[in-house]
Amino acid sequence: QVQLVESGGGLVQAGGSLRLSCAASGSIISIGSMGWYRQAPGKQRELVAVIISGGTSNYADSVKGRFTISRDNANTVYLQMNSLKPEDTAVYYCNAKGVVTPLTYGEDYWGQGTQVTVSS
């Protein structure tokens, strides 16, 4: 069983910073990519940033230059969020794609979500 556990959300004033963490646990052989999505009330879930196993990263236009995704080993990913804006308020979800375990191949997994609230 693969689990993604997120931490680091909270309440911050506009212009502030937060760092989200996501650790994947279980009998993981490899993970293709890890990323962060967010969902604001009444809106669809959207991609924020993704990093693949080779280190290449991609960002939503709305967060370029403010957010940085990193992966310090095979199974942990971070999202450093600077210059936060009220419109960044959402539940942030960690995602792992292409997960390989002894029993499964290419599965996707989601974390439980962590709330980020940016006050104006």
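Residues numbered from 1 in each chain as written. Predicted model: local features only at pLDDT ≥ 70, side-chain atom pairs only at ≥ 80, totals over all residues. Heavy atoms only, no water.

Q: Explain the pattern of salt bridges to me, please; I cannot follow it from the model alone.
A: Where side chains of opposite charge bring their charged atoms close, a pairing between them can arise. Enumeration over the complete set of coordinates arrives at 5 salt bridges. Here Arg38 makes a salt bridge to Asp88, at a shortest N to O gap of 2.9 Å. Of this pair, Arg38 sits in strand E4 (residues 33–39) while Asp88 sits in the loop between strand E8 (76–81) and strand E9 (90–99), and the two are 50 residues apart along the sequence. Each member of the pair, Arg38 together with Asp88, is buried. Among the ionic pairs, Arg66 bridges to Asp88, the shortest N-O distance being 2.8 Å. Here Arg66, found in the loop between strand E6 (57–59) and strand E7 (67–73), pairs with Asp88, found in the loop between E8 and E9; they are 22 residues apart in sequence, far enough to count as distant. Classification of Asp88 as buried rests on a relative accessible area of 1%. By sharing partners, the salt bridges in this structure join Arg38, Glu46, Arg66 and Asp88 into a single network. (Salt bridge = Lys/Arg side-chain N within 4 Å of Asp/Glu carboxyl O. Helix = DSSP H or I, 4+ residues; strand = E, 2+ residues; numbered from the N terminus. Buried < 20%, exposed > 50% of the residue type's maximum accessible area, 1.4 Å probe, protein only.)

Q: When you look at the state of the cysteines in this model, what are you seeing that I'm missing?
A: One covalent bond between the sulfur atoms of two cysteine residues makes up a disulfide. Scanning the entire structure with this criterion turns up 1 disulfide. The side chain of Cys22 participates in a disulfide bridge whose partner is Cys94; the two sulfur atoms lie 2.0 Å from each other. Handedness of the Cys22-Cys94 disulfide follows from its S-S torsion of about -80°: it is left-handed. Of this pair, Cys22 sits in strand E3 (residues 18–25) while Cys94 is found in strand E9, placing the two residues 72 residues apart along the sequence. (Disulfide = S-S within 2.5 Å.)

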